[in-house]
Amino acid sequence: MRRAFGASLPTDEELAVSREITEFDRTLAFFDGPEIVATAGIFSYEMTVPGGTLPCGGVTRVSVLSTHRRRGLLTAMMRRQLDDMHERGEPLAALYASEAPIYGRFGYGLATYQAAVEVDRSHAGFAKALTGSGRLAMVDVPTAVGAFTRIWEQARRDQPGMLRLDERWIRSELADLELHREGASPHYRVLYQIDDNPSGFAVYRIKLAWDASGPNGVLRLEMLVATSPEAYAALWRHLLDVDLMARVSAEMRPVDEPLRFLLADSRQPKTRIEDGLWVRLVDVPTALAGRRYAAEGRLGLRVRDAFCPWNDGHFELNGGPHTAECRRHDGNPDLAIDVADLAAVYLGGNRFRTLMEAGRVEELQPGAVARADAMFATNRAPWCPSHF
Ligand SMILES: CC(C)(COP(=O)(O)OP(=O)(O)OC[C@H]1O[C@@H](n2cnc3c(N)ncnc32)[C@H](O)[C@@H]1OP(=O)(O)O)[C@@H](O)C(=O)NCCC(=O)NCCS
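Residues numbered from 1 in each chain as written. Predicted model: local features only at pLDDT ≥ 70, side-chain atom pairs only at ≥ 80, totals over all residues. Heavy atoms only, no water.

(A) Quick peek at the overall build of the chain. The helix and strand tally for the chain stands at 10 helices and 20 strands. Computed over C-alpha atoms, the radius of gyration of the chain comes to 22 Å, within 12% of the 21 Å expected from 2.2 N^0.38 for 388 residues, which places it in the range of a compact globule. For the chain, the spread of C-alpha atoms along the three principal axes comes to 70 × 55 × 40 Å. A burial count over the chain gives 50% of its 388 residues as buried. In the chain, the share of contacts with a sequence separation of at least 24, taken over all contacts with a separation of at least 6, comes to 70%. Accessible surface computed for the chain: about 18300 Å², of which carbon and sulfur atoms make up 50%. Once the 46 positive and 52 negative side-chain charges of the chain are each reduced to a mean point, those two points are 2 Å apart. (Helix = DSSP H or I, 4+ residues; strand = E, 2+ residues; numbered from the N terminus. Rg over C-alpha atoms; globule rule 2.2 N^0.38 Å. Buried < 20%, exposed > 50% of the residue type's maximum accessible area, 1.4 Å probe, protein only. Contact = heavy atoms within 4.5 Å. Areas by Shrake-Rupley, 256 points an atom, 1.4 Å probe, with all protein chains shown as cover. Lys, Arg positive; Asp, Glu negative; His and termini not counted. Charge placed at Lys NZ, Arg CZ, Asp CG, Glu CD.)

(B) Representation of the pattern of salt bridges in the model. All chains considered together, the criterion is met by 29 salt bridges. Linking Arg88 and Asp84 is a salt bridge whose minimum nitrogen-to-oxygen distance equals 3.1 Å. Of this pair, Arg88 and Asp84 both sit in helix 2 (residues 73–88), 4 residues apart, which is roughly one turn of the helix. Judged by its relative accessible area of 43%, Arg88 falls in the partly exposed class. Residue classification places Asp84 among the partly exposed positions, given a relative accessible area of 23%. With a shortest N-O distance of 2.9 Å, Arg380 and Asp158 are connected by a salt bridge. In this pair, Arg380 is assigned in the segment after helix 10 (368–376) and Asp158 in the loop between helix 3 (141–156) and helix 4 (167–173), connecting sequence segments 222 residues apart. Given the relative accessible area of 36%, Arg380 is considered partly exposed. If you follow the salt bridges from partner to partner, you end up with Glu46, Glu153, Arg156, Arg157 and Arg164 in one network. (Salt bridge = Lys/Arg side-chain N within 4 Å of Asp/Glu carboxyl O.)

(C) View of the site of the ligand. Close to the ligand lie 19 residues; Val64, Arg70, Thr75, Ser98 and Glu99 are nearest. Measuring from an oxygen atom of the ligand, one finds a backbone N or O atom of Arg70 at 2.6 Å. For the ligand, whose unbound accessible area comes to 910 Å², protein coverage reaches 74%. Counting residues per element, the ones that place at least two in the shell around the ligand are strand 3 (52–64) and helix 2. Its residues placed into classes, the shell around the ligand shows 10 nonpolar, 4 polar and 5 charged. (Near = heavy atom within 4 Å. Polar contact = N/O pair within 3.5 Å; in protein donor to acceptor, adjacent residues only side chain to side chain. Nonpolar A, V, L, I, M, F, W, Y, C, P; charged D, E, K, R; others polar.)

(D) How the structure looks around the nonpolar core. One finds Phe148, Leu281, Leu288, Leu342 and Phe352 to be the most contacted residues of the largest nonpolar core, which totals 64 residues. A total of 7 residues in this core trace back to one element, the largest contributor, which is helix 3. For Leu342, the contacting residues outside a window of four places in its chain are Leu281, Val284, Leu288, Leu301, Val303, Ile337 and Phe352. In this structure, Ala115, Tyr204, Trp236 and Val248 belong to the second largest nonpolar core, which totals 27 residues. (Core = buried A, V, L, I, M, F, W, Y, C linked by side-chain atoms within 4.5 Å.)

(E) Expanded view of a nonpolar patch on the surface. Taken together, Leu208, Trp210 and Leu244 make up a surface patch of nonpolar side chains, about 330 Å² in accessible area. Position of Trp210 relative to the elements: it lies in strand 10 (residues 210–211). (Patch = residues over 30% accessible without salt bridge, like charges linked within 9 Å, V, L, I, M, F, W, Y side chains within 5 Å.)

(F) Main features of the sheet that holds strand 2 (residues 35–49). With mixed pairing, 6 strands are arranged side by side in an open sheet as 1-2-3-4-15-5. Both outer strands of the open sheet, strand 1 (27–32) and strand 5 (109–110), are each paired with one neighbouring strand and no more. Here strand 3 runs beside strand 4 (residues 92–95); their pairing, made up of 3 bridges, is parallel. Each residue of the ladder has a partner; that of Cys56, found in strand 4, is Leu92. (Pairing = 2+ DSSP bridges.)

(G) Region of interest: helix 8 (residues 339–346). In terms of residue burial, helix 8 counts as a mostly covered element, since 8 of its 8 residues are buried. Just downstream of helix 8 lies Gly348, where phi reads positive at about 95°.

(H) Highlighting unusual backbone geometry. In this structure, Pro269 follows Gln268 across a cis peptide bond, with omega equal to -10°. With respect to the helices and strands, the residue Pro269 is situated in the loop between helix 6 (259–262) and strand 14 (270–275). For Arg61, which is not a glycine, the phi torsion comes out positive at approximately 55°. Its location among the elements puts Arg61 in strand 3. Here the phi dihedral of Leu244 falls at roughly 70°; this positive angle occurs in a residue that is not glycine.

(I) How the structure looks around the sheet that holds strand 8 (residues 188–194). Here 7 strands make up an open sheet; going across it, the order is 7-8-9-12-13-6-14 and the pairing mixed. Across the chains shown, the open sheet's two edge strands, defined by having one partner strand only, are strand 7 (135–138) and strand 14. Neighbour to neighbour, the strand axes of the sheet diverge by 25° on average, direction disregarded. Direction of pairing for strand 7 relative to strand 8: antiparallel, over a ladder of 4 bridges. Across the sheet, the residue bridging to Met138 is Val190, located in strand 8. Taken strand by strand, helix 3 contacts strand 8, strand 9 (197–207) and strand 12 (217–226), and its axis lies near 115° from that of strand 9. (Axes fitted to C-alpha atoms, helices over the stretch in contact; angles between N-to-C directions.)

Shown next, in the form of structure tokens:
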């Protein structure tokens, strides 16, 4: 895999960190003689969907050596993985794509976005003074693993797109490998607590630089997760107050980051929107029945799925804030949609209307698109803050 991505071979330390999270019984390799020429893997995750959680296969480490490309090896691995997830009853799959055109043909749709942000520290004052009784502390790795896992567990419950990360995963996130430093410092791990109750954390690095006008450093935020607005504001204030930094930058932030509204200068943070998770509904009726809907409603969906024919057909969804059911149906459908586009709207990150205006959703009964959008709406943009 490292060769296919043009990276150097892994060190013993990198292999040890990787071994902790690898599921060998879900790891695939293609051999040409004794040589591995293609790889793929799956992590057994649980994903938060609107109103609940569902098992989700996190597809990862997909690579084909350049000598063996365009012969169908990726297609064969995708086939094997989706059959495996289907047999296990894992209704969702998700991945990060190296290139956007690769995975649509296998039924993956762009379901979450993420923001790359940068705040100029000379414009980083808050509109209102901070209130709050919590305190910040730098913590060591063992303390961080316990506290950050608890915070993550609480935060993920009402954040669609977030994956369950146990202590093993948080330890791997905090491994602080040289590979990830790119000339910056080791990790700083900051915990925010109120009365000994952990309610937010941030992990960052700093990179010092000097020019003719003085210090010109960059603080690179890697993770900030909070379970209360107070913890969120205190952590951002801390990041924006670190001395000798000219800028704070972060990737993989939520697109509805409240920071803009904490700052007095709402032209900050400078933001670039990028693609986040590509999601696949491995089992359409289970996935649709496994989330909750903002408005009570009924929808007849004609789903097209060429790669996983068990999903192809007409389904009736009856859903609302408290219950949802989805089953095969013979009546007249309201909408026709490809399975990848259904995945794109599934977590609430896109609208049916947008896809209709791009010619991807067909409204077969008047008003169906508006009803679908009212049902699928979420109060937070879906966000996946962890990479895999
Ligand atoms: C992307 C990659 C895995 C594709 O593997 P592959 O074995 O060549 O793919 P396949 O032969 O099964 O191709 C299946 C189809 O997808 C298309 N396809 C594959 N890679 C594509 C790409 N990068 N962009 C657009 N189309 C692509 C193929 O042309 C083929 O289409 P066709 O059936 O119409 O001819 C491989 O090129 C690779 O390892 N790239 C570098 C690492 C990487 O980007 N990995 C993905 C990590 S998310």
